[in-house]
Every structure is written in C-alpha cells, then in structure tokens.
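Coordinate analysis (summary)
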Amino acid sequence: MSHDSASAPSHRPTAGVFVALLAAGLAWGVCALLRADIGPDQLAPSAWLDGSAGKVLNQALKLPGQSLIDSGNAAIRYRLLGDLGPQVAQGCPDWLFYRDGLRPPPGHPAVFGQRLALMRHWTTRLRQAGVQVLVVAVPDKSRIEADQLCGLPVSAAMQQRLDRWEQALRQQGIGHVDLRAPLAQVRPAFFRTDVHLNARGASAAARVVADAARPLLGGNGTLRYREQIAAPAPRVGDLLVLAGLEHVPDGWRPAPDRVATATLTPLRQVGLLDDAPPVEILLAGSSNGLRSQFAERLGRQLGREVWNLSMDGGQFSGALLAAFKRQPQWPSSLKLVIWEFSEMALSLPLTADEKTALATLE
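Assigned secondary structure in the protein consists of 13 helices and 11 strands. Taking the intrachain contacts of the protein between residues at least 6 apart in sequence as the baseline, contacts between residues at least 24 apart amount to 77%.

Rendered as structure tokens:
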C-alpha cells in the first residue's frame, strides 16, 4: 500500500523547534559561562582529575529555579521509590547512612597502606618538634549504630579497617584513643540524618580523649565553661542535604533530628593587664571537631581552652597539614596535638597534598 508523500505530515516544524531550543540553550550556556567568575586554575588538568572543575561548571550552568526543580525531583523519588540518591542509604525508618561508610571505593587497600606511612611520618615530625600527639579515629556511624542498619550491608573490609589501623598504632607506639566502647555505651551517639556525633556522642568522646590527654598535660587546668542550652528545634542533617531534601516539607523526606543545641563558652579570667592563658592543646580535626561543641567539651574536661583548627572536608589530614603550615607560629607553650579524623577517611582516595607528601617519602 503506497502513501502520497505530498499528503504526509512534515517533521520540519518539529525539527525547527528542537533546533531553536538547542541553539537557545547553547547561547544561554555560553553567556552563563562568560558571566561566571571562573579562573584558569579552576579548569586546570588537575581540577578535571579531582572533579572540582565539573562542580564549578555545574554551578555556573544552573538554570533559574534549578534548586526548586531538584528538590521536587528528590522528594518525589524518595516518596515513591524510597530512593535517596547515590550517596545516601536509609536503614531503619528515618536513619540515614553515608554509602562511603558501608563499602570501600576502588583501590582502597593501597590507600590504607599509604596512609599508614603518612601517619608514621607526620607523628614523627610532631615528636621531633617537641609536641606529643594523640590520634583519634572517630568510628563510622554504621559501626556504632549497627542496630539501625535494618539490613544495609557493610563490607568485610570496612568492618576490619579500624582494628588494622589501631593495631598499627600500637605497634608503632603512637598514642591513640579507641572510641568504639564509649560511644556504644551512649547510643544513639550520632544524629539520625547526619554523619556526625550528636551531643551525647561528642560528650562521651571528649571524656575518653581527655582521660588520655590529661597525663600528657600534667593534670587538669583551672578554666571553667558556661553551658547554655537552646529550646529543641529541627536540625536538618548533612545526609538530608546530600539527598537533595534540605528544603523539602516534612512527610516528603525522613524526619529531621530534633535537637536542643548547647553552647559552651570559656570563662576567661583575664584583665586588661593579664596575659591570656597559654595555648597547650591543638585540635587538628575533621568536621567532627566542629560539631556538637566537641572542642569545647574537650576543653571543659581538661580545664583548658583548645586551639581548634578542625575543618569541614578535612578528611584524613587536611587540618593537620594546615596546622603544619602554621608551625612557625605555634606558641612555645603547645604540648599536645590531637589529630582527629573519621574512620571513613582511611579508605578515601588520597588528596593532592597527601600524594605530594607521600612522594617525598619514596
């Protein structure tokens, strides 16, 4: 059966519409990139390798209202499919876990050994500077809150990782603190919708770290702290943010934690002519060192003020390397560096700074 080609519908108008849309999108993208303040270093080859260049371009090319669209998509995906995206998994109801804490990324065995070498190198450097060191690996949330996994699998390599790490520390004679038992005794020690310690966990961790630090400092100091506790309020954890559910109404996301935030303030007895208390403790930590007033809780336990150089995204060594860069300004009164990081950081790919440091050891 033949068709009259003259009477067949033409696809040219439809094709023309798509071509116009593509051209408009291209023109908008070029204009957005020209308006964006993107430096050459942000698009260097190393930036493409670590993924930061892609993040810069994605930010520059966001459509107007893109965040609203993304939040809506994330809410529908969670409500209909229970899906929280590639980085977040739900265990028991309203309990969220970071997937990188459940299974190691590719290549993690080599990374573990490399970090052992870096740990030996940096702790030796601290000792040579006349400063004592305590290494504190904060156990992963999936380890302490295992009862809330509700069937989420954790790889055997991840379960064995902390034992291997602390065995190496003991063999090297490096001071360290095992937080597993103290945190298990105060469960829940972590926020439900966040990877960080809650107030109970931070207080328990501060007590046991202070017990290990006290002999190295010659006893307790005399500084006291004032604690103020706010009224309970919802706290949207970082795992809700990673899942794209930060700005989604309740009912379309796991329920946020409800927290009575505490603020600890040192009561310094310093007059106009008095010297400030000497700095004796430096905390080079991850974001755990910034959450739930961990540094202040540690200072209260020790009767001292803690010089807190912890940083978000510091992973294994970011804060410690930043502290080393300031080593010429370290006060002569400094006695102890507490190097804190998340257990999960032991398996993450090496950062550029870690690769550079490792190259000097080979």
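Resuming the write-up.
Before going further, it helps to spend a moment on the pattern of salt bridges. With the rule as written, the count across this model stands at 18 salt bridges. With a shortest N-O distance of 3.0 Å, Arg180 and Asp178 are connected by a salt bridge. On the accessibility criterion, Asp178 (32% relative accessible area) is partly exposed. The network of salt bridges with common partners includes Asp163, Glu166, Asp178 and Arg180.

This part covers a nonpolar patch on the surface. Together, Ile76, Leu80, Leu81 and Trp252 make up an exposed nonpolar region whose accessible area comes to about 450 Å². Relative to the helices and strands, Leu81 resides in helix α4 (residues 66-81).

Glancing now at the packing of aromatic side chains. Throughout the structure, instances matching the rule amount to 10 aromatic pairs. Between Trp95 and Phe97 the ring centres are 6.4 Å apart and the planes differ by 25°, which places this aromatic pair in the stacked class. Accessibility expressed as a relative area gives 8% for Trp95, which makes it buried. Grouped by ring-pair contacts, the aromatic residues Phe112, Trp122, Trp165, Phe316, Trp339 and Phe341 constitute a single cluster. The aromatic ring of Phe324 is capped on one face by Arg125, whose charged end is 3.9 Å from the ring centroid.

Residue Arg187 is joined to Pro188 through a cis peptide bond whose omega torsion reads 0°. Mapped onto the fold, Pro188 is located in the loop between α8 (180-184) and α9 (199-217). The phi dihedral of Asp94 falls on the positive side, at around 70°, and the residue is not glycine. Locating Asp94 in the fold gives a position in the loop between β1 (88-90) and β2 (96-98). Given a relative accessible area of 25%, Asp94 falls into the partly exposed group.

With that out of the way, let us pick up the environment of Gln90. Assignment of secondary structure puts Gln90 in strand β1. Distance from Gln90 to Arg192, taken between C-alpha atoms, is 10.0 Å for residues 102 residues apart in sequence. Contacts of Gln90, omitting those with residues within four sequence positions, involve Tyr78, Leu84, Trp95, Leu96, Leu152 and Pro254.

Our next topic: the environment of Val337. Structurally, the position occupied by Val337 is in strand β11 (residues 336-342). Here Val337 falls in the buried class, since its relative accessible area comes to 1%. Taking the C-alpha atoms as reference points, Val337 and Leu126, separated by 211 residues in sequence, lie 8.0 Å from one another. Each residue touching Val337, except ones within four places of it in the same chain, is listed here: Leu126, Val131, Gln132, Val133, Leu134, Leu282 and Leu320.

Criteria and thresholds
- Residues numbered from 1 in each chain as written.
- Predicted model: local features only at pLDDT ≥ 70, side-chain atom pairs only at ≥ 80, totals over all residues.
- Heavy atoms only, no water.
- Helix = DSSP H or I, 4+ residues; strand = E, 2+ residues; numbered from the N terminus.
- Contact = heavy atoms within 4.5 Å.
- Salt bridge = Lys/Arg side-chain N within 4 Å of Asp/Glu carboxyl O.
- Buried < 20%, exposed > 50% of the residue type's maximum accessible area, 1.4 Å probe, protein only.
- Patch = residues over 30% accessible without salt bridge, like charges linked within 9 Å, V, L, I, M, F, W, Y side chains within 5 Å.
- Areas by Shrake-Rupley, 256 points an atom, 1.4 Å probe, with all protein chains shown as cover.
- Phe/Tyr/Trp six-rings, centres within 6.5 Å; stacked < 30°, edge-to-face > 60°.
- Lys NZ or Arg CZ within 6 Å of the ring centre and 35° of its normal.

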